Structures are given as C-alpha cells and as structure tokens.
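# Summary of the model geometry
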Amino acid sequence: MSARPPYSRIRRLRAALAASCAALLLTAGCSFGEPEPDPAGEPPNLPTPSASASPGGAGQQAVATVLAKGLRVPWAIAFLPDGGALVTERDSGRILQVGPESGPDGLRIRVVQTITDVAAAGEGGLLGIAVSPGYDRDRTLFVYYTTEQDNRVVRLQLGGQPTPILTGIPKANVHNGGGLGFGPDGQLYVSTGDAGQRPNSQDVKSLGGKILRITPDGKPAAGNPYPGSPVWSLGHRNVQGFTWDAAKRMYAVEFGQNTWDEINQITKGGNYGWPEVEGRVDDRRYTDPITQWATSDASCSGLAATDRLLVTGCLRGKRLWVMELTDTGTLLGQPSELLTNRYGRLRAVAAAPDGSLWVSTSNHDGRGAPAADDDRLLRVVFAGGDGGRS
C-alpha cells in the first residue's frame with residue numbers, strides 16, 4: 001500500500017510550497033492545484049530547504065528542492081510502494097534506499113545492498129533498476145549492470161543473491177545502455193547500447209543497440225516482432241532512458257554522435273536508423289524522432305512522463321528539457337528548458353508517487369565539476385502551464 005501522510009501534513013506541505021513559490025516566482029504566479037485525494041510518498045522535512053525557481057518556455061516554471069546530498073553518480077531511481085525510492089550508484093555498485101522516513105537533514109538514506117560483481121569502468125557499472133509490479137507480494141527487484149564479461153539483467157530480493165535472467169549484452173567503456181522498466185503490458189523492457197560497435201545496432205541477432213522486451217524470467221516476451229528474440233526495436237546508438245505516457249505510448253531518449261540527440265516514440269519492430277542515420281532524414285526505412293537537439297544542448301539520459309509532459313535530464317546540456325504532448329503523442333509547440341546550469345549534469349528523471357519528479361545530478365561521473373554536496377537528488381514541482389503540477 002502507498003504511504004498516506006495525514007492530511008494536515010499535506011496541507012502544511014502545500015502551504016510551504018506555495019510560500020516558496022510566491023517568494024521565488026513573484027510576478028510569474030504559482031499554480032499547484034489541489035492535493036490528490038491519496039498522495040503517496042513525501043518530500044523531506046528539511047529545516048532550511050534548498051529551493052530554486054527556474055523559468056522555461058511557454059510559461060513553464062519549476063521549483064526544485066534538494067532531497068539528498070553526498071551521493072556518487074546516482075544512475076537510476078525506482079519507487080517502492082511505501083513512497084520511498086531505490087537509487088543505484090554506478091561506480092560503487094550500491095543500491096541505496098532513500099526515504100520515506102526523514103530526519104532533521106532530509107530523507108533517510110541507507111545502503112540496502114551492494115552488487116559485488118559490478119565492474120565499473122567508463123560508462124559501465126550499476127545502471128538501471130526496476131521494481132516488480134507485484135512487489136508487495138514478491139519483494140522482487142531487477143537491476144542492469146556491467147560485469148567483467150558483459151552487461152546483464154538480474155533478479156533479486158534485497159539482501160539476497162542476484163539471479164541472472166539475461167546475459168551477453170555487449171559491454172564497452174562507452175555505450176552500455178542500461179535502462180530498465182516494466183511496461184503497461186507487464187513485460188520488462190531493457191535498453192542497450194551499441195558498445196562502440198556500430199554494426200550491432202542493425203544486427204537483429206545482437207543484443208546491442210536495441211530495446212528488448214522480456215518476461216520477468218528473462219525469456220523473449222510473446223508478441224515480439226522477431227519470433228524467439230527479445231528484440232523490440234533496433235537501430236539505437238545508446239538508449240538509457242525510456243517511459244510511457246498515459247495513453248501507454250512508449251518514448252525513449254537517444255544519445256547521438258556529434259550532431260543530433262533525439263526523443264523517439266518507440267513502436268514494435270521500429271528501426272531508428274543508427275548507424276545509417278542520425279536525427280531526422282525522412283527515409284521510409286527508419287523512424288524519425290519526434291524532436292531533436294544539438295548534442296551540446298542535450299546528451300540526455302533519464303526520461304519520465306507526468307500529466308501531458310515528457311521530461312528528460314541532460315548531462316552535457318546541464319538542464320531539463322520539457323515537452324508537452326498532444327492527444328496523438330506528438331509535440332505541442334517547442335520543448336522548453338528548465339534548471340539550465342543550476343545543478344550541473346542531470347541524469348535520472350523519475351515520476352514520484354506524489355506527482356513530482358525526482359532528478360539526480362551526475363557531477364562525479366568524471367565529466368563534471370562536483371560541488372561540495374554533490375551528487376544530489378532533487379524534487380521538481382512544476383508551476384504554471386498546463387501539466388506536471390503535483
């Protein structure tokens with residue numbers, strides 16, 4: 001069951017957020033709406049919360065609060081039924097539980113497991129994490145990580161020995177993919193990179209450069225486009241983040257090479273063109289992205305959907321890109337940027353049970369300039385515009 005804080009506490013939280021918004025946004029206005037009837041999860045009770053406002057295009061505003069500090073390359077975030085979150089650290093191999101309990105300094109953080117055979121190097125290490133849809137019953141997690149031999153997906157219960165369910169995913173110093181998530185169909189989706197070997201992406205027999213769709217036991221899911229194969233889509237260079245909107249459409253964020261980073265709507269058997277093409281090309285053999293950016297403005301990793309918005313966290317671009325969706329899954333207007341250069345490199349983006357977004361920084365990944373309290377977890381609440389309000 002989801003955590004159910006007393007409504008008096010929710011009202012105090014709303015009042016605090018409204019006060020922060022009034023002080024920070026001033027003339028921009030503030031609109032958080034009424035609390036949901038059954039909010040789950042709870043931000044920390046910080047004595048001196050660190051919050052900042054950031055303007056975006058199309059009237060979009062956001063308030064960001066620091067939830068946790070002192071992490072090391074937090075790569076993925078997955079929420080538990082009680083409103084707490086599990087966070088992977090790429091280089092340490094640790095799984096952290098963050099909340100739902102809080103103390104005088106914010107949410108409680110504790111190490112709940114270390115994956116001992118993680119071989120962290122370059123972009124490899126402990127990457128994606130997914131919580132079983134039946135976690136209340138089976139207490140099962142799934143994680144994606146790099147070993148000395150490969151990238152793999154394992155199943156485990158906290159404190160227990162990991163059981164490999166999918167092995168042999170190509171590994172390299174770069175382009176290891178690493179995304180994990182259960183789709184609306186109950187199947188487990190896995191995003192992989194080309195591991196620096198371009199032919200992998202167009203080779204249906206290779207697990208590299210793909211989005212895979214498997215059962216919780218690691219078998220190819222029924223209905224996949226290639227019988228007996230876990231491949232769901234191909235032609236990817238390096239997908240780390242993906243998500244589904246309210247209409248159950250799937251989207252993924254793609255690292256380009258030197259020209260274009262992409263957001264793609266993912267369809268069964270779709271070919272997204274790498275290494276033959278990068279960005280929009282209007283070639284019937286390949287699916288064009290729904291939007292694209294110069295790599296210097298993006299290099300985005302995490303992706304989440306909330307209300308009618310897609311939000312991606314960008315490493316090199318040091319910002320969130322926010323996209324509003326139409327009823328047909330295309331973009332309404334142009335993407336807007338938020339938090340640009342405020343927190344450094346941004347990686348994971350996850351939709352929390354209370355309607356906010358949790359975002360991780362990645363300033364300790366070897367390519368950033370860490371501040372004293374990095375890496376951090378942020379809670380982002382949208383204000384103004386039409387979507388993403390908590």
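This report concerns the structure included in the present document. (Residues numbered from 1 in each chain as written. Predicted model: local features only at pLDDT ≥ 70, side-chain atom pairs only at ≥ 80, totals over all residues. Heavy atoms only, no water.)

We now examine the nonpolar core. Counting 34 residues, the largest nonpolar core has Ile95, Val143, Val153, Leu180, Leu188 and Val190 as the members making the most contacts within it. Mapped by element, the contributors of at least two residues to this core are strand E3 (74-79), strand E7 (126-131), strand E8 (141-146), strand E9 (151-156), strand E10 (163-169), strand E11 (180-182), strand E12 (188-191) and strand E13 (211-214). Core analysis: the next-biggest nonpolar cluster, separate from the first, contains 18 residues, Ala304, Val322, Tyr343 and Val359 among them. (Core = buried A, V, L, I, M, F, W, Y, C linked by side-chain atoms within 4.5 Å. Buried < 20%, exposed > 50% of the residue type's maximum accessible area, 1.4 Å probe, protein only. Helix = DSSP H or I, 4+ residues; strand = E, 2+ residues; numbered from the N terminus.)

This part is about unusual backbone geometry. Each neighbour pair has its own omega, and for Trp274 with Pro275 the value is 5°, a cis peptide bond. A cis amide bond, omega -10°, links Asp374 with the succeeding residue Asp375. Topologically, Asp375 is positioned in the loop between strand E24 (357-361) and strand E25 (377-383). Phi is positive for Arg139, close to 55°, though the residue is something other than glycine. Structurally, Arg139 is set in the loop between helix H2 (135-138) and E8. Taking relative accessible area as the criterion, Arg139 reaches 43% and is therefore assigned partly exposed. In this model, Ser299 sits at a positive phi of 50°, which is unusual for a non-glycine residue.

This next bit is on the pattern of salt bridges. Enumeration over the complete set of coordinates arrives at 16 salt bridges. Between Arg94 and Glu89 there is a salt bridge, and its shortest N-O distance comes to 2.7 Å. Judged by relative accessible area, Arg94 falls into the partly exposed class, the value being 29%. By relative accessible area, which is 0% here, Glu89 ends up buried. Notably, a salt bridge pairs Asp365 with Arg345, separated by 2.9 Å at the nearest N-O pair. Highlighted residues: Asp365 in the loop between E24 and E25 and Arg345 in the loop between strand E22 (336-338) and strand E23 (346-351), separated in sequence by 20 residues. (Salt bridge = Lys/Arg side-chain N within 4 Å of Asp/Glu carboxyl O.)

This brings us to the state of the cysteines. All told, the structure shown has one disulfide when counted by the stated rule. Here Cys300 pairs with Cys314 through a disulfide, and the sulfurs are 2.1 Å apart. Where Cys300 bonds to Cys314 through sulfur, the torsion about that S-S bond is close to 70°, and the disulfide is right-handed. One end of the pair, Cys300, is in strand E19 (residues 300-306); the other, Cys314, is in strand E20 (residues 309-314), and 14 residues separate them in sequence. (Disulfide = S-S within 2.5 Å.)

In this section: the sheet that holds E8. Strands sit in the order E7-E8-E9-E10 across an open sheet of four strands; the sheet is antiparallel. The open sheet terminates on both sides in strands that have one partner only, identified here as E7 and E10. Pairwise comparison of adjacent strand axes, ignoring direction, gives a mean angle of 15° for this sheet. (Pairing = 2+ DSSP bridges. Axes fitted to C-alpha atoms, helices over the stretch in contact; angles between N-to-C directions.)

This part covers the side chain of Ser299. Looking at the element boundaries, Ser299 is found in the loop between strand E18 (291-294) and E19. Taking relative accessible area as the criterion, Ser299 reaches 12% and is therefore assigned buried. Filtering out sequence-adjacent residues up to four positions away, Ser299 remains in contact with Phe255, Asp261, Cys314, Leu315 and Arg316. (Contact = heavy atoms within 4.5 Å.)

The subject of this paragraph is the sheet that holds E11. The strand order E11-E12-E13-E14 describes an open sheet built from four strands, whose pairing is antiparallel. The open sheet has two edge strands with one neighbour each: E11 and strand E14 (231-233). In this sheet, adjacent strand axes meet at a mean angle of 30° when their direction is disregarded. The pairing of E13 with E14 spans two bridges and is classified as antiparallel. Within the sheet, the bridge partner assigned to Ile211 lies in E14 and is Ser233.

Secondary-structure assignment places Arg376 in the loop between E24 and E25. According to the relative accessible area criterion, Arg376 is buried, its value standing at 11%. In terms of polar contacts, Arg376 uses its side chain to reach the side chain of Asp374, at 2.9 Å. (Polar contact = N/O pair within 3.5 Å; in protein donor to acceptor, adjacent residues only side chain to side chain.)

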